[in-house]
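Summary of the model geometry
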Amino acid sequence: MVSKCANPGCSTPFLYLHEGKLFRFEKGAGNGSAFGTDPNLRQPMRRIEFFWLCDRCAGRMTVVFEEGVGVTVLPLTRGRPAA
Ligand SMILES: [Zn+2]
């Protein structure tokens, strides 16, 4: 679960749901055939991960899921021309 702001450069602790912005990402079960899996035990369950940005960071950045990279924090570039 979330314990602090997703921005690596920010250490604001996660205290209240109504503050900042919460992001939810569902990760597919993938092909976990590498493990010795018991088909009876292996449920098609998805892993849900939460990321939270504090009030201050939520106004300046966002959390996105990039294929092959994972979850990253990106600055909001709204209002600024893309270089
Ligand atoms: Zn923050």
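The rules we used
Residues numbered from 1 in each chain as written. Predicted model: local features only at pLDDT ≥ 70, side-chain atom pairs only at ≥ 80, totals over all residues. Helix = DSSP H or I, 4+ residues; strand = E, 2+ residues; numbered from the N terminus. Buried ≥ 20, exposed ≤ 12 C-beta atoms within 10 Å, placed from the backbone. Contact = placed C-beta atoms within 7 Å. Core = buried A, V, L, I, M, F, W, Y, C linked by C-beta atoms within 7 Å. pLDDT = per-residue confidence, 0-100. Pairing = 2+ DSSP bridges.

A look at the overall build of the protein
A tally of helices and strands in the protein yields one helix and four strands. Beginning at the N terminus, the succession of helices and strands in the protein can be written as β-β-α-β-β. Considering the protein as a whole, with its 83 residues, one finds that 14% of them fall into the buried category. For the protein, contacts bridging at least 24 residues in sequence account for 53% of all contacts bridging at least 6.

Overview of the nonpolar core
Formed by Cys5, Ala6, Phe51, Trp52, Leu53, Cys54, Cys57, Ala58, Met61 and Val63, the largest nonpolar core amounts to ten residues. Secondary structure elements with two or more residues in this core: strand 2 (47-53), helix 1 (55-58) and strand 3 (61-66). Looking at this core, the element that brings in the most residues is strand 2, giving three residues. Setting aside anything within four residues of it in sequence, one finds Ala58 in contact with Gly20, Lys21 and Leu53.

Considerations on the confidence of the model for the protein
Overall, the predicted model of the protein reaches an average pLDDT of 81, with 71% of residues at or above 70. The least confident element of the protein, judged by mean pLDDT, is strand 1 (residues 21-27) at 89; the most confident is helix 1 at 96.

Describing the pairing of strand 4 (residues 70-75)
Burial runs low along strand 4: only zero of the six residues are buried. Across six bridges, strand 3 lies against strand 4 in antiparallel orientation. Its bridge partner being in strand 4, Val63 is matched across the sheet by Val73. The turn joining strand 3 and strand 4, which pair antiparallel and follow one another in sequence, is formed by three residues; a positive phi near 80° is taken by Gly68.

Remarks on the environment of Asn7
Tracing the backbone shows Asn7 in the segment before strand 1. Setting aside residues no more than four positions away along its own chain, Asn7 makes contact with Leu53, Cys57, Met61 and Val73.

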